[in-house]
Structures are given as C-alpha cells and as structure tokens.
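# Tertiary structure, described
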Amino acid sequence: MNSQNKIQQYCADIDTISRVVISMEKKIQDGSIGAHSIREIIISQVDSLLVTACDLSIEELHKCYTGVDYFLSRFWKEDAKIQVWKLFGFRSDKLRWDVTVISQGPILLVSFSEMQDLLSVKFAKRKEQFVQDDRASGFYKTVYHEWYRIPVCVTWAWFSEESTIVHELTHFRNDILGLSFYSQWGWRDIYEMRVYDDLQEEILAFFSEWLKRSAIQMVLAHDQRYHFYRRIEDWSPKDQERFLKDISKYVGVAREVKDIRPDTYIVDLAIIPIHQWPRYLRYIKQIR
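Residues numbered from 1 in each chain as written. Predicted model: local features only at pLDDT ≥ 70, side-chain atom pairs only at ≥ 80, totals over all residues. Heavy atoms only, no water.

### Side note on the overall build of the protein
Applicable threshold: A run of H or I in DSSP becomes a helix once it reaches four residues, and a run of E becomes a strand once it reaches two; helices and strands are each numbered from the N terminus. With a 1.4 Å probe rolled over the protein chains alone, any residue whose accessible area is under 20% of its type maximum counts as buried; one over 50% counts as exposed, and the rest are partly exposed. Working rule for contacts: check all heavy atoms of both residues, and any pair within 4.5 Å makes them a contact. All accessibility values rest on the Shrake-Rupley procedure with a 1.4 Å probe; residue burial counts only the protein chains present in the view.
Within the protein, the secondary structure is distributed over 12 helices and 4 strands. Counting all 288 residues of the protein, 48% fall into the buried class. Put simply, 63% of the contacts in the protein that link residues at least 6 apart link residues at least 24 apart. For the protein, the exposed surface amounts to about 15,800 Å²; the carbon and sulfur share of it is 50%.

### Some words on the pairing of strand E3 (residues 138–145)
What counts here: Being paired, for any two strands, means DSSP has found at least two bridges between them.
Here E3 runs beside strand E4 (residues 148–156); their pairing, made up of 8 bridges, is antiparallel. For Thr142, the partnering residue across the bridge sits in E4 and is Pro151. Where E3 folds back onto E4 in an antiparallel hairpin, the turn is made up of 2 residues, including Glu146, whose phi is positive at roughly 50°.

### Considering helix H4 (residues 80–88)
Filter applied, for reference: Polar contacts, as counted here, are pairs of nitrogen or oxygen atoms within 3.5 Å of one another; within protein the pair requires one atom able to donate a hydrogen and one able to accept it, and residues that are adjacent in sequence qualify only if both atoms are side-chain atoms.
Every buried residue of H4 is listed here: Ala80, Ile82, Gln83, Val84, Leu87 and Phe88. Two to three positions downstream of the cap, the backbone nitrogen of Lys81 sits 2.8 Å from a side-chain oxygen, assigning the N-cap of H4 to Asp79. Positive phi appears at Gly89, one or two residues downstream of H4, with a value of about 70°.

### What about the sheet that holds E3?
Think of a sheet as strands paired side by side through backbone hydrogen bonds, with each pair either parallel or antiparallel. Rule in force here: Each axis is a line fitted through C-alpha atoms, taken for helices only over the stretch in contact, and angles between the N-to-C directions span 0 to 180 degrees.
Spatially, the 4 strands line up as an open sheet ordered E1-E2-E4-E3, and their pairing is mixed. Each having just a single partner strand, strand E1 (99–104) and E3 make up the two edges of the open sheet. This sheet shows a mean twist of 25° between the axes of neighbouring strands, independent of strand direction. Two strands pair when backbone bridges link them, and strand E2 (residues 107–112) and E4 are joined in this way by 5 bridges, in the parallel orientation. Bridge pairing in E4 links Leu109 to Cys153. Running over the sheet, H4 touches E1, E2, E3 and E4 and is turned about 70° from E1.

### Description of the side chain of His145
Turning to its location among the elements, His145 is positioned in strand E3. Residue His145 is classed as buried on the basis of its relative accessible area, which comes to 11%. Once you skip the residues sitting within four places of it in the chain, His145 turns out to touch Tyr70, Phe71, Phe75, Lys86 and Ile150.

### Looking at the confidence of the model for the protein
For clarity, the cut-off: Each residue gets a pLDDT score, which is the predictor's confidence in that residue and runs from 0 to 100.
Averaged over all residues, the pLDDT of the protein is 78; the fraction at 70 or higher stands at 75%. When pLDDT is averaged over each helix and strand of the protein, the minimum, 56, is found for helix H2 (residues 35–45) and the maximum, 95, for helix H10 (residues 237–260). Predicted confidence is poor over residues 179–185, with pLDDT under 50, and the contacts of this stretch with residues over four places away or in other chains come to 24 contacts.

### Quick notes on the pattern of salt bridges
To keep things clear, this is the line we draw: A pairing counts as a salt bridge when a side-chain nitrogen of Lys or Arg comes within 4 Å of a carboxyl oxygen of Asp or Glu.
Scanning the model with the defined rule gives 12 salt bridges in all. In this structure, Glu241 engages Lys245 in a salt bridge whose closest nitrogen and oxygen atoms are separated by 3.7 Å. In this pair, Glu241 and Lys245 are both assigned in helix H10, 4 residues apart and thus about one turn of the helix distant. Taking the relative accessible area as the measure of exposure, Glu241 reaches 44% and is therefore partly exposed. In this structure Lys245 comes out as exposed when scored by relative accessible area, which is 55%. Across the salt bridge formed by Asp268 and Arg261, the nearest N and O atoms sit 2.5 Å from each other. Arg261 sits in the buried class, given a relative accessible area of 15%.

### Quick look at the nonpolar core
What counts, and what does not: Working definition of a nonpolar core: buried Ala, Val, Leu, Ile, Met, Phe, Trp, Tyr and Cys residues. They are joined through side-chain atoms within 4.5 Å.
Counting 41 residues, the largest nonpolar core has Leu199, Ile203, Leu220, Phe243, Trp277 and Tyr280 as the members making the most contacts within it. If you list the elements that add at least two residues to this core, you get helix H1 (3–29), helix H7 (190–208), helix H8 (213–222), helix H9 (227–231), H10, helix H11 (265–271) and helix H12 (277–286). Non-local contacts of Trp277, meaning those with residues more than four positions away in its chain, are made with Gln200, Ile203, Leu204, Tyr250, Val253, Ala254, Leu269 and Ile272. Counting 25 residues, the second largest nonpolar core, distinct from the first, contains Val99, Leu119, Val121 and Val154.

### Some details on the packing of aromatic side chains
What counts, and what does not: For Phe, Tyr and Trp, rings pair up if their centres lie within 6.5 Å, where Trp contributes its six-membered ring, and each pair is then called stacked (planes under 30 degrees apart), edge-to-face (over 60) or tilted (otherwise).
All told, the structure shown has 14 aromatic pairs when counted by the stated rule. Centre to centre, the rings of Phe206 and Tyr226 are 6.2 Å apart; their planes meet at 75°, and the pair counts as edge-to-face. Taken together, the residues Phe206 in helix H7 and Tyr226 in the loop between H8 and H9 connect sequence positions 20 residues apart. The same class applies to Phe206 as to Tyr226, namely buried.

### Quick notes on the packing of H8 against H10
When two helices pack together, their arrangement is given by the angle between the helix axes and by the axis-to-axis distance. Test applied: Comment on the angle field: the value is read as roughly parallel under 35 degrees, roughly antiparallel over 145, roughly perpendicular from 65 to 115, and oblique elsewhere. Crossing chirality is assigned from the near helix's rotation relative to the far helix, an anticlockwise turn below a right angle marking it left-handed and a clockwise turn marking it right-handed. Only Asp, Glu, Lys and Arg are considered charged in this grouping, and only Ala, Val, Leu, Ile, Met, Phe, Trp, Tyr, Cys and Pro are considered nonpolar; every other residue, Gly among them, is considered polar.
Where H8 meets H10, the axes come as close as 10 Å, and the angle between the chain directions of the two elements is 155°. The orientation of H8 relative to H10 falls into the category roughly antiparallel. Crossing angle aside, the handedness with which H8 passes H10 is right-handed. Contact residues: H8 offers Arg213, Ile216, Gln217, Leu220 and Ala221, while H10 offers Leu244, Ile247, Ser248, Val251, Gly252 and Arg255. Looking at the contact of H8 with H10 residue by residue, the class counts come to 6 nonpolar, 3 polar and 2 charged.

Below, the structure is given as structure tokens:
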C-alpha cells in the first residue's frame, strides 16, 4: 500500500469510528437502544480490524450503564442529598440547599441550586472556606460505589447549566474513548503526556460548547485552575512558554479540523492523541 493509500485508509478508519460513536450516542439519547445492543451494532457496522478499536470503549460504557442502574435501584427511595452522600461521601446534613439527581443514559446528573454546596462536595475533606478562584459551574467525576463505576456530571443550576452539561458530557465521552485504537503516545515523559492529555480534554470540552477559538484560547491560557497548570509548576520557564504556545497551536488545529469535518471533528479529535492532531489535519487536507 503506497503512502497516499495509507493516508486515505487512516482517515477512513477515523471517520468510521466517529460516525458509529455519534450514531450510538443519538440512539442512547432518544432511548431507542440499550447497552446490551451496542456491541452487536459495532460489529455489524465496522470492519473487523476496527472492532478492537471500539471494543474496550463499549465495555467501559456497559460498566457505566450497570453502575448507574445499580445505584438508582439501590437508593431510589432516598432523598437526593442522601444520594449525594453515597456518591461523594459528603454528609447530607451539611448540604444547605436543594439538589436533584437524575439519570441520563450511562451517567448521573447532579444539579445543585447553590454554588456553596457544589464547592463543598467538590472539595470535600480538603477545604471548607472558598475563594473566588474556587468557583466552578460544574465538574465531571467517575465515582465508585460497591465496586460499580458511576460517571457523574455535576452542575450549578443557575449558571449556564445546559452548556456546562455539554462540556462535562464531553469529558465523559473522552473518558470512554480514552482506550482508543490510536493511543500509541510515543512521549518520552509520562508526566508531560498527562499534561497534554488534560489540555486535550479541555480543548474538546470547550469546543463542544460552540465557543469561539479566541475565547477558548483566552480561558486555557490564563485560568490557573486547570490541572495542567499545577502539573507544570516545576517546569523550566522555557518549557512553560513552550506549553503556552502549544495551547494556541492545538486550539488552532482543532478549529481547522472543525471547518473541514464539522459533524464529527470532536469525536475525531477524541480518538486521536493531541500530538497527532497536526498530522491528522495535514491528512484530511490532502484527501479533500
């Protein structure tokens, strides 16, 4: 197979996986499919060489469905504050305002009516007093209850809740797709890999909210609350400057991929490790 054919096959594989993932998500959202049917759909729609690419992800998705179903069946009679206690280990009597817990397919949506309660749960056992920099509209976290895996999307009901849910659900999807077919990293430093993994997560989550490139770049380059800033504290000034330049570079690449593949770009870029994004962009430009 010559070089051009390999490029075409690579892009075709990404396209196939992305479209199957998107198709599954739509079926899950409208309730027309259960977790037990997903594996059969994957096998029927993708080439046998790509089944492995999706297989681990489907296993993880099934575990999420099972965990959510178990938790709700176990505590469906309990008040939402008690459910939050069971999920996060934060005592229910310390929650001062209303909270709701509902299921959305393979995740639980927890919505707090007051920021103070959200932060109390987020920073449980680590701090009790909060400052402006602690404020957050939501967060995504995978918790474990009696060995069951339960993805939880937490939001504040009074701050752009819909966009926050979209943002956090993108983290959930990326968590599931993290064991991908194209995950050969090739990084020399595993700690650096984790920094760029965090960056990839946030770029895709913000693009899922349909924010402009300039807004995404501004937030990621200046908001010190993101995990990757804590991870690079010990880096040299030169390496920190390189990382800030990479923020701009990868946000720009994502924007170009979005222009070329607006229907699937977020899933495409979730499948592909961030250091391979520029190569993928070159490839799809070649086959347009």
